[in-house]
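Summary of the model geometry
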Amino acid sequence: MKIAIIGTGYVGLPTGVGLAELGNQVVCVDKIAAKIEALTQGKVTLYEEGLEELYLKHLKSGALRFTLDMREAVDGADVVMIAVGTPPHPVTKEADLQYIYAAAEELAAYLDGYTVVATKSTVPVGTGDEIEAIIKKVNPAADVDVISLPEFLREGFAVHDFFHPDRIVIGTDSQRAREVMRRLYAPFADKTEMLEVSRRSSETIKYASNAFLAMKIHYINEMADFCEKAGADINEVAKGMGTDSRIGRKFLNPGPGYGGSCFPKDTNAMAQMGRKFGAMLNLIETTIAKNDERKLEMAKRVAAAVKHNPEAKIAVWGLAFKGGTDDCRESPAMQILEKLLHYNRNVTVYDPQAMENARAVLGDRVSYAADPYEACAGADIAVILTEWENFKHLDLEKLKAKMLQMQIMDLRNLLNKEEVCRQGFCYSCIGMKN
Ligand code: UDX
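Residues numbered from 1 in each chain as written. Predicted model: local features only at pLDDT ≥ 70, side-chain atom pairs only at ≥ 80, totals over all residues. Heavy atoms only, no water.

1. A look at the domain arrangement of the protein chain
This is how the line gets drawn: Domain start and stop positions are those given by an automatic or database domain assignment. What counts as buried area is the accessible surface, traced by a 1.4 Å probe, that two parts surrender upon association, with contributions from both included. Salt bridge, as used here: a side-chain nitrogen of Lys or Arg that lies within 4 Å of a carboxyl oxygen of Asp or Glu.
Taken as a whole, the protein chain is organised into domain 1 (2-197) and domain 2 (263-428). Computed over C-alpha atoms only, the centres of domain 1 and domain 2 are separated by 34 Å. Counting the surface domain 1 buries against domain 2, the share from its top three residues, Y47, K93 and E155, is 38%. Linking domain 1 with domain 2 are one salt bridge. Note that E155 is salt-bridged to R329, the shortest N-O span being 3.6 Å.

Next comes the structure, spelled out in structure tokens:
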């Protein structure tokens, strides 16, 4: 099939590359000239494990192309996927749909023959109706079905998730559109659940899923606070809960709060929708407020650990909003760091992937280290803020030699407490008596 993808960000690019690998002809269109130029010349514009290799393969084969020209992308396409951003409005926190509507208006003019227009971006319930109205207004003769096709890719694992989806949700009442989607996703038919639902249900599924996962994280963080007071151990509690298949092991890792470009945005948009429809979503409202508070609490916890010494050097490991990505947007680590800087603390930072993105925000307000050991040179405390796998395997002997005070605060519960204590470190983590 010929597929047009509008938007080459964290959703659009991996989706385009994945669909090319499935044997489709894919044309990606974007408004940012520098991005299209880079992508045309073989320079991948974002870090995702396994992406570059597949992208180069299909760029070379011609199955994957990039353009600034909407007509070139949409003309003759069987499916047009909208994968542009829906950033939160700075005041209302509602999803800002201007890019979606602009894309719908522009693509409408070039529709040619029966086309499925699929919204991959996360959009509030009812947006499909608006997109359909815009397309019909610009091009009343268009033979089109507008469907919701939500994306569940995780950043850092987008390529893996594309090829191993838990489910594919197809939101439309049109049989014709369902047929096209069944053909497109036929390679997954044997191993993946295909859910055919109404457009509004599909739009809701995306928000309801992300909000539930955010709530699950908030729940385990609240339990961690409880364990600290009650003398229980959150790692043991989470394991005990997670072995119940109805609860599941995933998303029960306590931490400094969730972040990223999706959970904060989508929980806020969902809460806003609840208010708009007069159906208050109290669990989600609480999750948002408590998750915001938690990051400040964590910054206070770090500051309190070195309160006797205003000059203390704090080494921060991890800046990305989670492990496996270079993305610092809405990163709990960055928010905690900002608070520490607000307290005038002296901070040196290290992250395996996110240094460049962090530097753009932090500038010269912190010192930068080339590795975790260098970050700890002369440090009074090392604080783990992001769940990078390699932080689990650091050479503690080497670290010992670098630090002024042997103190580690592990806000992701990554390290083995016994081992770290045995080495003589003063160790504190989340959700247990320290
Ligand atoms: C999320 C959804 O998982 C994905 O399905 C959707 O398409 C986009 O939003 P992503 O934002 O990439 O994906 O990150 P995710 O892995 O879900 O983590 C989000 C945040 O929660 C991170 O800050 C992470 O550190 C935190 N988290 C996650 C925890 O604190 N504990 C956990 O157990 C899991």
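2. Focus: the nonpolar core
Rules: Residues grouped as a nonpolar core are buried Ala, Val, Leu, Ile, Met, Phe, Trp, Tyr and Cys residues, joined through side-chain atoms within 4.5 Å. Each residue gets one of three labels from its accessible area relative to the maximum for its type: buried under 20%, exposed over 50%, partly exposed in between, using a 1.4 Å probe on protein chains only. We count a stretch as a helix when DSSP gives it H or I for four or more residues in a row; a strand needs E for two or more, and each element gets its number in order from the N terminus.
The biggest cluster of nonpolar side chains holds 63 residues, and the ones touching the most others in it are I314, W317, L319, V347 and L399. For this core, the element with the highest residue contribution is helix α13 (residues 332-342), accounting for six residues. Judged by nonpolar contacts, the second largest core, of 41 residues, contains A4, V123, V125 and A271.

3. Focus on the packing of aromatic side chains
In plain terms, the rule: For Phe, Tyr and Trp, where Trp contributes only its six-membered ring, two rings pair if their centres lie within 6.5 Å, and the inter-plane angle classes them as stacked under 30 degrees, edge-to-face over 60, or tilted in between. Whether a charge sits over a ring comes down to the Lys NZ or Arg CZ being within 6 Å of the ring centre and within 35 degrees of the ring normal.
Applying the stated criterion to the full structure yields eight aromatic pairs. Seen in terms of ring centroids, Y258 and F263 are 6.0 Å apart; in terms of plane orientation they differ by 80 degrees. Their pairing is edge-to-face. Accessibility expressed as a relative area gives 6% for Y258, which makes it buried. F263 gets classed as buried once you look at its relative accessible area, which sits at 12%. Taking the ring centre of F157 as reference, the NZ or CZ of R154 above it sits at 4.4 Å. A cation sits over an aromatic face here: R176 above Y114, 3.7 Å from the ring centre.

4. Considering the side chain of E228
Which entries qualify depends on this criterion: Counting of polar contacts relies on pairs of N or O atoms within 3.5 Å, with two restrictions inside protein: one atom must be capable of donating a hydrogen and the other of accepting it, and residues adjacent in sequence are counted only when both atoms are side-chain atoms. In this description, contact between two residues means that some pair of their heavy atoms is separated by no more than 4.5 Å.
Relative to the elements of secondary structure, E228 occurs in helix α9 (residues 199-230). Residue E228 is classed as buried on the basis of its relative accessible area of 19%. Within polar-contact distance, the side chain of E228 engages the side chain of R301 at 2.9 Å. Discounting residues that sit within four places of it in the chain, E228 has contacts with R301, C429, I430, G431, M432 and K433.

5. Topic: the site of the ligand
Note the cut-off: Proximity is defined per residue: any heavy atom of the residue falling within 4 Å of a molecule or strand makes that residue near it. Each accessible area value is a Shrake-Rupley result obtained with a 1.4 Å probe; residue values ignore everything except the protein chains displayed when judging cover. Gly is placed with the polar residues, together with every amino acid not listed as nonpolar (Ala, Val, Leu, Ile, Met, Phe, Trp, Tyr, Cys and Pro) or charged (Asp, Glu, Lys and Arg).
Close contacts around the ligand come from 19 residues, with L153, E155, F321, E387 and R412 the closest. Between an oxygen atom of the ligand and a main-chain N or O atom of L153, the distance comes to 2.7 Å. Take E155: an N or O atom from its main chain is 2.7 Å from an oxygen atom of the ligand. Out of a free accessible area of 660 Å², the ligand has 94% covered by protein chains. Sorting elements by how many residues they give to the shell around the ligand places α9 first, with three residues. Its residues assigned to classes, the shell around the ligand comprises nine nonpolar, three polar and seven charged. When residues are assigned to domains, the shell around the ligand turns out to be shared by domain 1 (2-197) and domain 2 (263-428), each giving three or more.

6. Let's talk about the pattern of salt bridges
What the rule picks out here adds up to 28 salt bridges. Between R182 and E196 there is a salt bridge, with its nearest N and O atoms 2.7 Å apart. Of this pair, R182 sits in helix α8 (residues 175-184) while E196 sits in strand β8 (residues 193-197); the two residues are 14 residues apart in sequence, bridging distant segments of the chain. R422 is the partner of E419 in a salt bridge, and the nearest nitrogen-oxygen pair spans 2.6 Å. In this pair, E419 and R422 are both assigned in helix α17 (residues 417-422), three residues apart and thus about one turn of the helix distant. Given the relative accessible area of 27%, E419 is considered partly exposed. On the accessibility criterion, R422 (63% relative accessible area) is exposed. Because the salt bridges share partners, they merge into one network encompassing D129, E132, R199 and R200.

7. Section: the pairing of strand β13 (residues 407-410)
The condition is simple: Pairing between strands requires that DSSP locate at least two bridges from one strand to the other. For the handedness criterion, the strands are oriented away from the viewer, and a crossover whose path from the first strand over the helix to the second runs clockwise is classed as right-handed.
Of the two faces of β13, the one lined by Q407 and M409 and the one lined by I408 and D410 are each fully buried. Bridge count between strand β12 (residues 381-384) and β13: three bridges; the pairing is parallel. Bridge pairing in β13 places V383 opposite M409. Viewed along the sheet, the connection from β12 through helix α16 (residues 396-402) into β13 turns out right-handed. Bridging between β13 and strand β14 (residues 426-429) involves four bridges; their strand directions are parallel. Note on β14: the bridge partner recorded for D410 is C429. Between the parallel pair β13 and β14, the chain is carried across by α17, and the sense of this crossover is right-handed.

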